[in-house]
Amino acid sequence: MTALVIAVDGPAAAGKGTLARRLADALSLPYLDTGLLYRAVGRRLLDGGADPRDAEAATAQARALTPADLARNDLRGPAADMAASAVAAIPAVRAALLDWQRDFGRQHGAVLDGRDIGTVVFPDAPVKLFVSASPEERARRRWLELRGRGVAAELAQVEAEMRARDAQDSGRSVAPLKPAADATLIDTTSLDADAAFETALALVRARI
Ligand code: C5P
């Protein structure tokens, strides 16, 4: 039997991470937050004082990535967000991270969340979800999350940075953020985490 892979894609702060983690728990599958890979590459560049848009340096860091890089506690926050999005637009960086993601899913099946799981990483995944919400609601959630972590931020600034990252992720030439043709859309604008999870679990159960 082929391993069950569930692809969960969508823009920032739509609730896909929470949803994907809960699905993985409920189905006893491993979980991978693929955004962490791009964040860790971005962080390695920032640490070394390099520009995250430097394709050669970014590719070298992507190839040198280790599991320990994914456990760093400085992978979230505005600087890491933008660095991740910058390195993610570099084709050779994406190529370097592709096998990593495929190996993870192929072994025992997995729930993976990201931007291109259903379109590029696992185009044959039997279940593809695209989780979205209005930009205003996503900015509000990210702002609350930052406040919860003690980070002072202006809501308008958070929304502006999120829209800029959305535009960069959707507008890039390689693996842009977009729903796979066969993905099921879940709009979480007016769904709480429990309702989004129940909706997703019912969709998954109907397909497996
Ligand atoms: O999901 P998260 O917000 O942590 O992702 C950080 C950045 O990594 C995204 O803005 C996007 O540019 C990039 N990314 C990607 N493809 C993925 C996951 C994340 O391009 N599969």
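Residues numbered from 1 in each chain as written. Predicted model: local features only at pLDDT ≥ 70, side-chain atom pairs only at ≥ 80, totals over all residues. Heavy atoms only, no water.

Per an unreviewed UniProt entry, the chain goes by the name Cytidylate kinase and belongs to Falsiroseomonas oleicola. In its Sequence similarities (unreviewed entry) section, UniProt records this for the chain: "Belongs to the cytidylate kinase family. Type 1 subfamily." Within the UniProt record for the chain, the comment given under Subcellular location (unreviewed entry) is "Cytoplasm". (UniProt positions renumbered as here; feature names shortened; annotations may be inferred.)

### Examining the overall build of the chain
When you go through the chain residue by residue, the secondary structure sums to 10 helices and five strands. Taken over C-alpha atoms, the radius of gyration comes to 16 Å for the chain, in line with the 17 Å a tight globule of 208 residues would show. Based on the C-alpha atoms only, the size of the chain along its principal axes is roughly 50 × 40 × 30 Å. For the chain, with 208 residues in total, the buried portion stands at 47%. Expressed as a percentage of contacts within the chain between residues at least 6 apart in sequence, the contacts between residues at least 24 apart total 77%. Working note: accessible area of the chain is about 9,800 Å², and carbon and sulfur atoms make up 53% of it. The averaged location of the 28 negative side-chain charges in the chain is 1 Å from the averaged location of its 27 positive side-chain charges. (Helix = DSSP H or I, 4+ residues; strand = E, 2+ residues; numbered from the N terminus. Rg over C-alpha atoms; globule rule 2.2 N^0.38 Å. Buried < 20%, exposed > 50% of the residue type's maximum accessible area, 1.4 Å probe, protein only. Contact = heavy atoms within 4.5 Å. Areas by Shrake-Rupley, 256 points an atom, 1.4 Å probe, with all protein chains shown as cover. Lys, Arg positive; Asp, Glu negative; His and termini not counted. Charge placed at Lys NZ, Arg CZ, Asp CG, Glu CD.)

### Considerations on the site of the ligand
Taken together, 16 residues surround the ligand, and among them Arg 39, Arg 94, Arg 165, Asp 169 and Arg 172 come closest. One nitrogen or oxygen atom from the side chain of Thr 34 is found 3.0 Å from a nitrogen atom belonging to the ligand. Measuring from an oxygen atom of the ligand, one finds a side-chain N or O atom of Arg 39 at 2.7 Å. Computed on the free molecule, the ligand has an accessible area of 450 Å², of which 98% lies beneath the protein chains in the complex. Every element with two or more residues in the shell around the ligand is listed here: helix H2 (35–47), helix H5 (78–88) and helix H9 (155–171). For the shell around the ligand, the per-class residue count stands at three nonpolar, four polar and nine charged. (Near = heavy atom within 4 Å. Polar contact = N/O pair within 3.5 Å; in protein donor to acceptor, adjacent residues only side chain to side chain. Nonpolar A, V, L, I, M, F, W, Y, C, P; charged D, E, K, R; others polar.)

### Brief notes about the environment of Leu 129
Along the chain, Leu 129 turns up in strand S4 (residues 127–132). Contact partners of Leu 129, with chain neighbours within four places excluded, come to Ala 7, Val 8, Asp 9, Leu 23, Thr 184, Ile 186, Ala 200 and Leu 203.

### Remarks on the UniProt feature "domain: Cytidylate kinase" (unreviewed entry) in the chain
Within the UniProt annotation, "domain: Cytidylate kinase" (unreviewed entry) is assigned to residues 6–204. The span residues 6–204 shows a helical share of 58% and a strand share of 11%, and its end C-alpha atoms are spaced 8 Å apart.

### A look at the environment of Pro 11
Here Pro 11 shows up in the loop between strand S1 (5–9) and helix H1 (16–27). Put simply, Pro 11 and Val 120 are 109 residues apart on the chain and 16 Å apart in space, counted from C-alpha to C-alpha.

### A look at the UniProt feature "binding site: ATP" (unreviewed entry) in the chain
Look at the UniProt record and you will see "binding site: ATP" (unreviewed entry) annotated at Gly 10, Pro 11, Ala 12, Ala 13, Ala 14, Gly 15, Lys 16, Gly 17 and Thr 18. Mapped onto the elements, Ala 12 comes out in the loop between S1 and H1. On the accessibility criterion, Ala 12 (4% relative accessible area) is buried. Setting aside anything within four residues of it in sequence, one finds Ala 12 in contact with Arg 115, Arg 138, Met 162, Arg 165 and Asp 166. Turning to its location among the elements, Thr 18 is positioned in helix H1.

### Some thoughts on the sheet that holds S1
Strand order in the open sheet made by the five strands is S2-S3-S1-S4-S5, with parallel pairing throughout. Looking at the sheet topology across the chains shown, the edges are occupied by strand S2 (31–33) and strand S5 (184–187). This sheet shows a mean twist of 20 degrees between the axes of neighbouring strands, independent of strand direction. Two elements, S2 and strand S3 (residues 110–114), share three bridges in a ladder whose sense is parallel. (Pairing = 2+ DSSP bridges. Axes fitted to C-alpha atoms, helices over the stretch in contact; angles between N-to-C directions.)

### What to know about unusual backbone geometry
For Ser 28, which is not glycine, the phi dihedral falls at a positive 55 degrees. Within the secondary structure layout, Ser 28 lies in the loop between H1 and S2. Relative accessible area serves as the criterion here: at 68%, Ser 28 is assigned to the exposed category. The phi torsion at Ala 175 lies on the positive side, around 45 degrees, for a residue other than glycine. With respect to the element layout, Ala 175 can be found in the loop between H9 and S5.

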